[in-house]
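# Report on the structure
Okay, here's what each chain looks like letter by letter:
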2 protein chains.
Amino acid sequence: MVREILDLVGDKWTLYIIAALKEGPVRFNEMRRRIDGISQRMLTINLRGLERDGLVKRTLFPTIPPRVDYELTEMGGTLLAPVMALVTWANSNQENIRGARVRYDAS
Amino acid sequence: MVREILDLVGDKWTLYIIAALKEGPVRFNEMRRRIDGISQRMLTINLRGLERDGLVKRTLFPTIPPRVDYELTEMGGTLLAPVMALVTWANSNQENIRGARVRYDAS
DNA sequence: CGGCATCCGCTTAGATACTG
DNA sequence: CAGTATCTAAGCGGATGCCG
């Protein structure tokens, strides 16, 4: 079960979705734009999963055209810190990693 | 590039490998046993990738039979904290997530 | 023991088209 | 705008066999 959850939070897109929601509610297409490279299909599937797991809340405004807001739930908010720690780590270590790769590939 | 790194840490097995190395050097087959469900092939491939990225150090002892130790590099060690934060989060929230799923599936 | 090479099925995700 | 449906290829990963 813990395994299942780690597979979830360690999923390719989950990190980006959580990070994209850190400022507050975001509409569907706005998220697509924020998460470079994600397809409509993948965003939908992953958002459904996160909603099912109680990490993301979906709010439909039945206007025309329809509007849907996604935001972190309370539990989703508690995941933000660990996720952002990872993002920060990635930012600060990109140079080191690039260097390591160059050295490795050279040998 | 940051994207590439996040894909790395968000990889299915990376989190487990890093976590498995937190106590110190571990031999290949010992890791296999610690990481439930990973195949030899996947462990090898992922360890190579992490070695290339400078996160894991591989030490070969040319004895018979051969012995190979894997351990976190200094940079790999700095990734431990964020990763363990995620693991801890997964542990503390498994009940909430299970509950959320039951509620979602019921509706 | 700690791999690498090959084969292969099956999931996954991207592209595309369609809808309320 | 925010999806759903369908198709397809690409690759992920498991199984197996062999090797130093």
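Residues numbered from 1 in each chain as written. Chains lettered and ligands numbered in written order. Predicted model: local features only at pLDDT ≥ 70, side-chain atom pairs only at ≥ 80, totals over all residues. Heavy atoms only, no water.

The name given to chain A in an unreviewed UniProt entry is Helix-turn-helix transcriptional regulator, with Ciceribacter sichuanensis as the source organism.

Glancing now at the packing of helix H4 (residues 40–52) of chain A against helix H5 (residues 74–106) of chain B. The N-to-C vectors of H4(A) and H5(B) enclose an angle of 110°; their axes lie 8 Å apart at closest approach. When the interaxial angle is binned, H4(A) and H5(B) end up roughly perpendicular. For the pair H4(A) and H5(B), contact is made by A:Arg48, A:Glu51 and A:Arg52 and by B:Ala100, B:Arg101, B:Tyr104 and B:Asp105, respectively. In the contact of H4(A) with H5(B), the residues fall into two nonpolar, no polar and five charged. (Axes fitted to C-alpha atoms, helices over the stretch in contact; angles between N-to-C directions. Helix = DSSP H or I, 4+ residues; strand = E, 2+ residues; numbered from the N terminus. Parallel < 35°, antiparallel > 145°, perpendicular 65-115°, else oblique. Contact = heavy atoms within 4.5 Å. Nonpolar A, V, L, I, M, F, W, Y, C, P; charged D, E, K, R; others polar.)

On to the pairing of strand E3 (residues 67–72) of chain A. Residues and elements named next belong to chain A. Here two bridges tie strand E1 (residues 26–27) to E3, and the two strands are oriented antiparallel to one another. Directly across from Val26, in E3, lies its bridge partner Tyr70. Here strand E2 (residues 56–61) runs beside E3; their pairing, made up of six bridges, is antiparallel. Directly across from Arg58, in E3, lies its bridge partner Tyr70. Between E2 and E3, which pair antiparallel one after the other, the connecting turn spans five residues. (Pairing = 2+ DSSP bridges.)

As a further point, take the relation of the copies chain A and chain B. The two copies are related by a screw operation: chain A maps onto chain B through 180° of rotation and 0.1 Å of translation along the axis, at an RMSD of 0.1 Å. Expressed as a symmetry operation, the mapping of one chain copy onto the other fits a two-fold axis. Closest to the rotation axis within chain A is the C-alpha of A:Gly10, separated from it by 2.3 Å. The share of interface residues of chain A whose copies in chain B are also at the interface is 98%, consistent with both copies meeting through the same surface. (Least-squares fit on C-alpha atoms with pLDDT ≥ 70 in both.)

Residues and elements named next belong to chain B. Ordered in space as E1-E3-E2, the three strands form an open sheet in which the pairing is antiparallel. Bordering the open sheet on either side are strand E1 (26–27) and strand E2 (56–61), each of which pairs with just one other strand. Of the strands in this sheet, E2 and strand E3 (67–72) touch helix H4 (residues 40–52), which is tilted by about 110° from E2.

Contacts between chain A and chain B engage 42 residues on the former and 41 residues on the latter. Regarding the contact of chain A and chain B, the summed buried area is about 4100 Å², with carbon and sulfur atoms giving 66% of it. Of all residues in chain A, A:Arg52, A:Trp89 and A:Arg101 bury the most surface against chain B, accounting for 18% of the area lost on that side. Connecting chain A to chain B are six salt bridges. Two residues, B:Glu4 and A:Arg101, come together in a salt bridge whose shortest N-O distance is 2.5 Å. There are 16 residue pairs in polar contact (both at pLDDT 80 or more) connecting chain A and chain B. No other element matches helix H5 (residues 74–106) of chain A, which puts 20 residues into the side of chain A that touches chain B. Partitioned by chemical class, the residues of the side of chain A that touches chain B number 22 nonpolar, seven polar and 13 charged. (Buried area = accessible area lost by both parts, 1.4 Å probe. Salt bridge = Lys/Arg side-chain N within 4 Å of Asp/Glu carboxyl O. Polar contact = N/O pair within 3.5 Å; in protein donor to acceptor, adjacent residues only side chain to side chain.)

What follows is about the environment of A:Glu74. Residues and elements named next belong to chain A. Its place among the elements puts Glu74 in helix H5. The exposure class of Glu74 is exposed, given its relative accessible area of 73%. For the pair Glu74 and Thr14, spaced 60 residues apart in the sequence, the C-alpha separation amounts to 16 Å. (Buried < 20%, exposed > 50% of the residue type's maximum accessible area, 1.4 Å probe, protein only.)

Before going further, it helps to spend a moment on helix H1 (residues 2–9) of chain A. The periodicity of an α-helix, 3.6 residues per turn, causes residues three or four places apart in sequence to face the same way. What H1(A) keeps buried is the set A:Ile5, A:Leu6, A:Leu8 and A:Val9. Looking straight down H1(A), one finds that the buried residues subtend no more than 155° of arc, so they occupy a single side. Residues of H1(A) that are buried sit in contact with helix H2 (14–20), H4 and H5 of chain A together with helix H2 (14–20) and H5 of chain B. (Arc of directions from axis to C-beta.)

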